[in-house]
Amino acid sequence: MINSGAVDAGKATARRLTRVLYGDGFEREHGPWRRFAADGLFRSRPDATPPERLSLAYERLRAVNGAIDSPAELAADPRGVAALHEWLGPIDPSFTTVAGIHYNLFLGSLLDHDHAADGDPGAAERDLADFLTLRRIGTFLCTEVAHGNDAVALETTATYDRVRDGFVLHTPHAGAQKFMPNTSTTGGAKSGVVAARLLVDGADHGVFLFLTPLTDGSRTLPGVRVRLLPERFGSPLDHCVTSFDRVFVGRDALLGGVRGQLGRVTGDGAFSSAEANRRRRFLASIGRVTAGKLSMSAGALGGARVALALAVRYGGHRLISGPRAVERVPVFAHRSHHGPLTGGLATVFAMTLLHRTVVDAWETRTEANRGETERLVAVAKGWITWRAREIIVECRERCGAQGLLEHNGMTEMLANIEGAITAEGDNTAIYAKAAAELLFSARTPERNPGAGVAGAAPDPTADRDADPRPDRDAGQDADRNAGQDAAGTPVPGADPVECDANYVSLELSDTGHLGDLLLAVEQLWLDRARRRMGRAPQGDPLARWNAASGAALRAVEAHAYRRAAEAYTAAERKLWERELRDTEPGAEAGSVSVSAPGSAPALLRSLHRLFVLQWIDRNSGDLLAHGLLTARQLDELPEMIERLIAELATYATTLVESFALPEEMLADRPISGAGYADAYDDPEGAWTVPEARSRCAACRQSPPPAMPVSDRFRIVHRLLRFINNLRNLPH
């Protein structure tokens, strides 16, 4: 099934698709982190204990910090921090967690609030030398035991002390303890930015960040209490609960925005802010959480790509009995095996292209579109991490028992994707916020011929029975309806092949038409949500939201699929134009035709179609009920999907090669190579050692000590609990 011919052409195609996935700045943006991924510093240490792995994460942080040109430039570059997660997250999630916290949430927050908090134009910039050189590691303390997604209501206080001209941090009760920051003494001396409620003369001015020393490397500082949380599932990290007993920090500890515009307290105790709304002040204070969502998406992308690479390679190496007694075939040859993996390849390309689009949007945002861009970042984070979980679970299953072994990496990636789904805002919570924004949006979607479709929610006053599609070209519809009467019934004498096969295939291959269908799915779910909300009791906001939320969340999912398809369309057009330029007279000899089977444009087009058609197939009942799919199209839809899977499975190794994963990185996982069985070779086995039978007999007389029964049950219990949790997940 996996094509081993035309190796050179396949490698050239893979390089073209690598450029599609990573952009023209591949070497500049991704090259440094890819080289780290191949470096011995990041080789697997399978025998390391959890404490040793945690210490290793901090050692790697120091090594990376010493190797990069400018830690401050990295902290100011969300694209760079995301690339760090994309390449190194699949290797050491503990490292990327502490790196993301230090560079983005901690150091990035300090850079965003880059002047002393009193707002004096003559004030000096904050000295960041200790944090740039890692003499002190930074952490971020926002979430509390009793406040997660509602962090705006957190209860840690920072009371202004006029006498000492500073702030007193205090934890009033157990629910206000800071939850899960990496505040232990492991790794060295640490400081944190602490989210606390600013109180001045009894007046509550809302939540701000305060720079606070926490440990000196061997112990916590006076008034700071740190306790390790129970061991979590996944990579080891020093998650703690942290509380404060009247800890004093100076007035310059307040992070009040550039020149104190977000908030400042003068020497005489007067508070002022250029932003009157307390909620907006808080969201601006923790603005780095949005950039953190980009990193969560990137880490999920990296994990999904590595999982697919391992599963596809192992599927080609693992031989099973074929149709004939003496024949051995790769397990990948079976449709039941390669079908889900091929669908995963189409999805991971969509995830990657959407992520690139979102990063570009975030970097070019304006104040006018900031809210819309933040929503796109949040929706992409939720959608990408959920799809990554699906892909990793599928890859693990396709690798059988090998996928359950820690040294093959699947289980760790699966465990850590759960953390990404929760970090920087639980997916369901950020989907709910986006759903409400889409639901109440007054903007009517507009057709974007370049990307298929664009826009947000439909006009809530629109006719519910009207065709949700934008107006179509009458001539185009006339061509497509040739050979049919008004009811869509074939006219006697019309060529059934032309009317059924060509017409249906044309409709289901046309980017514009598929874009219409994607927009229609989104609109249909929004319409359902509005209708349900309208039928709920007036005056009960919670009941109205509960009535609408199920459909509204489905609309957000449809919105994400549509935006990913638009990213596919843009990438397909860009690649097509580039390939046409390369094949003009004078171009490099041996250039592959842009329309040739197996060429980069042809594969990208098929990946795009497979991704969209599988989503349309999931929503085909709604589309058929609303007259947006015909019965013949519905019948043809599974056949088109099967043809695309068969085509793309042939080029699975080329598609995986386009991920550009370093061989050193994959070599840490035994199932990545054809000699995977060698990882289990026994130098004293009967097949290698003379007179092994007698030795084995001697060994049986003095067997090694068995694992204690209590340990066995503990491992089985944890595994069963994890499987049960997966079964109960809503996505």
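See above for the structure.
Below, the structure is looked at part by part.

Cut-offs applied
Residues numbered from 1 in each chain as written. Predicted model: local features only at pLDDT ≥ 70, side-chain atom pairs only at ≥ 80, totals over all residues. Heavy atoms only, no water. Helix = DSSP H or I, 4+ residues; strand = E, 2+ residues; numbered from the N terminus. Buried < 20%, exposed > 50% of the residue type's maximum accessible area, 1.4 Å probe, protein only. Patch = residues over 30% accessible without salt bridge, like charges linked within 9 Å, V, L, I, M, F, W, Y side chains within 5 Å. Areas by Shrake-Rupley, 256 points an atom, 1.4 Å probe, with all protein chains shown as cover. Salt bridge = Lys/Arg side-chain N within 4 Å of Asp/Glu carboxyl O. Disulfide = S-S within 2.5 Å. 1 Å grid on protein atoms, 1.4 Å probe; cavity = no way out; pocket = protein on both sides within 12 Å on 5 of 7 lines; lining within 4 Å. Points joined across faces, edges and corners; volume = space filled by probe spheres on them. Expected span 1.5 Å × (residues − 1). Bend = angle between axes of the 7 residues up to and from the residue. Phe/Tyr/Trp six-rings, centres within 6.5 Å; stacked < 30°, edge-to-face > 60°. Lys NZ or Arg CZ within 6 Å of the ring centre and 35° of its normal. Contact = heavy atoms within 4.5 Å. Pairing = 2+ DSSP bridges. Core = buried A, V, L, I, M, F, W, Y, C linked by side-chain atoms within 4.5 Å. Axes fitted to C-alpha atoms, helices over the stretch in contact; angles between N-to-C directions. Left-handed = near helix turned anticlockwise from the far one by under 90°. Nonpolar A, V, L, I, M, F, W, Y, C, P; charged D, E, K, R; others polar. Parallel < 35°, antiparallel > 145°, perpendicular 65-115°, else oblique. Lys, Arg positive; Asp, Glu negative; His and termini not counted. Charge placed at Lys NZ, Arg CZ, Asp CG, Glu CD.

**Topic: the overall build of the protein**
For step 1, the next point in the chain: Per the secondary structure count, the protein includes 24 helices and 14 strands.
For step 2, the next point in the chain: Every one of the 731 residues in the protein was classed for burial, and the buried ones make up 50%.

**A closer look at a nonpolar patch on the surface**
For step 1, the next point in the chain: Together, Val145, Phe179 and Met180 line one region of the surface with nonpolar side chains, adding up to about 230 Å² of accessible area.
For step 2, the next point in the chain: Structurally, the position occupied by Phe179 is in strand β4 (residues 178-179).
For step 3, the next point in the chain: With relative accessibility at 32%, the residue Phe179 sits in the partly exposed group.

**Here's the deal with the state of the cysteines**
For step 1, the next point in the chain: The final tally for this structure, using the stated rule, is zero disulfides.
For step 2, the next point in the chain: Cys395 carries a free sulfur, and the closest cysteine sulfur to it, the one in Cys399, is 6.7 Å from it.

**Digging into empty space enclosed by the protein**
For step 1, the next point in the chain: On inspection of all chains with the given rule, the structure shows three cavities of 30 Å³ or more.
For step 2, the next point in the chain: Volume-wise, the second largest cavity comes out at about 50 Å³.
For step 3, the next point in the chain: Surrounding the second largest cavity, Glu29, His30, Arg79, Ala82, Ala83, Glu86, His355, Arg356 and Val359 form its lining.
For step 4, the next point in the chain: Put simply, the parts of the chain that give the lining of the second largest cavity at least two residues each are α2 (26-38), α5 (78-88) and α10 (335-363).
For step 5, the next point in the chain: For the lining of the second largest cavity, the element with the highest residue contribution is α5, accounting for four residues.

**So, the pattern of salt bridges**
For step 1, the next point in the chain: The tally for this structure, following the rule as stated, stands at 43 salt bridges.
For step 2, the next point in the chain: Between Asp92 and Arg60 there is a salt bridge, with the nearest N and O atoms lying 2.7 Å from each other. Taken as a pair, Asp92 in the loop between α5 and α6 (93-112) and Arg60 in helix α3 (residues 50-67) lie far apart in primary sequence, 32 residues in all.
For step 3, the next point in the chain: Take Arg60: its relative accessible area is 4%, and that puts it in the buried class.
For step 4, the next point in the chain: One salt bridge connects Arg278 with Asp204, and the closest N-O pair in it is separated by 3.2 Å. Of this pair, Arg278 sits in helix α8 (residues 278-285) while Asp204 sits in strand β6 (residues 203-215), and the two are 74 residues apart along the sequence.
For step 5, the next point in the chain: What makes Arg278 partly exposed here is its relative accessible area of 39%.
For step 6, the next point in the chain: Taken together, the shared-partner salt bridges in this structure form one network comprising Arg19, Asp24, Lys574 and Arg578.

**A closer look at helix α17 (residues 541-582)**
For step 1, the next point in the chain: Its 42 residues place the ends of α17 58 Å apart at the C-alpha level, agreeing with the 62 Å of an ideal helix rising 1.5 Å per residue.
For step 2, the next point in the chain: The principal kink in α17, of about 50°, is found at Ser549.

**A closer look at the packing of aromatic side chains**
For step 1, the next point in the chain: With the rule as written, the count across this model stands at 18 aromatic pairs.
For step 2, the next point in the chain: Centroid distance Tyr561 to Trp615: 3.9 Å. Interplanar angle 5°. Geometry classified as stacked. Remark: Trp615 occurs in helix α18 (residues 600-618) and Tyr561 occurs in helix α17; sequence separation between them is 54 residues.
For step 3, the next point in the chain: Cluster of aromatic residues (ring-pair linked, three or more members): Trp383, Tyr561, Tyr568, Phe611 and Trp615.
For step 4, the next point in the chain: Sitting over the ring of Trp362, Arg365 keeps its end group 3.7 Å from the ring centre.

**Description of the environment of Leu84**
For step 1, the next point in the chain: Within the element layout of this structure, Leu84 appears in helix α5.
For step 2, the next point in the chain: The exposure class assigned to Leu84 is buried, which follows from its relative accessible area of 1%.
For step 3, the next point in the chain: Residues Leu84 and Arg34, 50 residues apart in the sequence, show an inter-C-alpha distance of 8.6 Å.
For step 4, the next point in the chain: Leu84 has contacts with Trp33, Leu74, Gly89, Phe95, Thr96 and Ala99, leaving out every residue within four places of it along the chain.

**Structural notes on the sheet that holds strand β7 (residues 224-228)**
By definition, the strands of a sheet pair up through backbone hydrogen bonds, in either a parallel or an antiparallel sense.
For step 1, the next point in the chain: Reading across the sheet, the three strands line up as β4-β8-β7 and stay open at both edges, with antiparallel pairing between neighbours. With one partner strand each, in any of the chains shown, β4 and β7 form the two edges of the open sheet.
For step 2, the next point in the chain: Where β7 meets strand β8 (residues 240-244), five bridges bridge the pair, whose relative direction is antiparallel. By the bridge assignment for β8, Val226 is matched with Thr242.

**Comments concerning the nonpolar core**
For step 1, the next point in the chain: Counting 156 residues, the largest nonpolar core has Trp33, Phe349, Trp383, Phe611 and Phe659 as the members making the most contacts within it.
For step 2, the next point in the chain: At 15 residues, helix α9 (residues 288-317) tops the list of elements feeding residues into this core.
For step 3, the next point in the chain: If we ignore the near neighbours within four places in the chain, the residues touching Phe611 are Ala346, Thr347, Ala350, Trp383, Tyr561, Ala564, Ala565 and Tyr568.
For step 4, the next point in the chain: Counting 20 residues, the second-largest nonpolar core is a separate cluster that includes Val194, Phe208, Ala253 and Val265.

**Quick word on the environment of Gly292**
For step 1, the next point in the chain: Tracing the backbone shows Gly292 in helix α9.
For step 2, the next point in the chain: Not counting chain neighbours up to four residues away, the residues in contact with Gly292 comprise Asn104 and Glu424.

**Points about the pairing of β8**
For step 1, the next point in the chain: The buried fraction of β8 amounts to five of the five residues, a majority that puts the element mostly inside the structure.
For step 2, the next point in the chain: Alternating residues of β8 divide into Cys240, Thr242 and Phe244 and Val241 and Ser243, and every residue in both groups is buried.
For step 3, the next point in the chain: With two bridges joining them, β4 and β8 adopt antiparallel strand pairing. Residue pairing for β8: Phe179 is matched across the bridge by Val241.

**Quick word on the side chain of His355**
For step 1, the next point in the chain: Looking at where His355 falls in the secondary structure, it is placed in helix α10.
For step 2, the next point in the chain: If we ignore the near neighbours within four places in the chain, the residues touching His355 are Ala82, Glu86, Leu294, Ser297, Ala298, Leu301 and Ile384.

**Observations concerning the packing of α18 against helix α20 (residues 631-649)**
For step 1, the next point in the chain: At a minimum axis distance of 10 Å, the contact between α18 and α20 shows a crossing angle of 145°. Regarding α18 and α20, the two cross each other, and that crossing is left-handed. Contacts between α18 and α20 pair Ala602, Leu603, Ser606, Leu607, Arg609, Leu610, Leu613, Gln614, Ile616 and Asp617 from the former with Leu637, Met640, Ile641, Leu644, Ile645, Glu647 and Leu648 from the latter.
For step 2, the next point in the chain: Counted by class, the contact of α18 with α20 contains 12 nonpolar, two polar and three charged residues.

**What about the packing of α5 against α9?**
For step 1, the next point in the chain: Between α5 and α9, the least distance of the axes is 7 Å, while the angle of their chain directions is 30°. Here α5 lies roughly parallel to α9, going by the angle between them. Of the two elements, α5 crosses α9, and the hand of that crossing is right-handed. Across the interface between the two elements, Pro78, Val81, Ala82, His85 and Glu86 from α5 touch Ala291, Leu294, Ser295, Met296, Ala298, Gly299, Gly302 and Arg305 from α9.
For step 2, the next point in the chain: Broken down by class, the residue content of the contact of α5 with α9 amounts to seven nonpolar, four polar and two charged.

**Quick word on a negative patch on the surface**
For step 1, the next point in the chain: Together, Asp678, Asp681, Asp682 and Glu684 make up a negatively charged patch on the protein surface.
For step 2, the next point in the chain: Looking at the element boundaries, Asp682 is found in the loop between α22 (663-667) and α23 (692-701).
For step 3, the next point in the chain: On the basis of relative accessibility, which here comes to 33%, the residue Asp682 falls in the partly exposed class.

Note that all results are geometric; they support no functional claim without further evidence.
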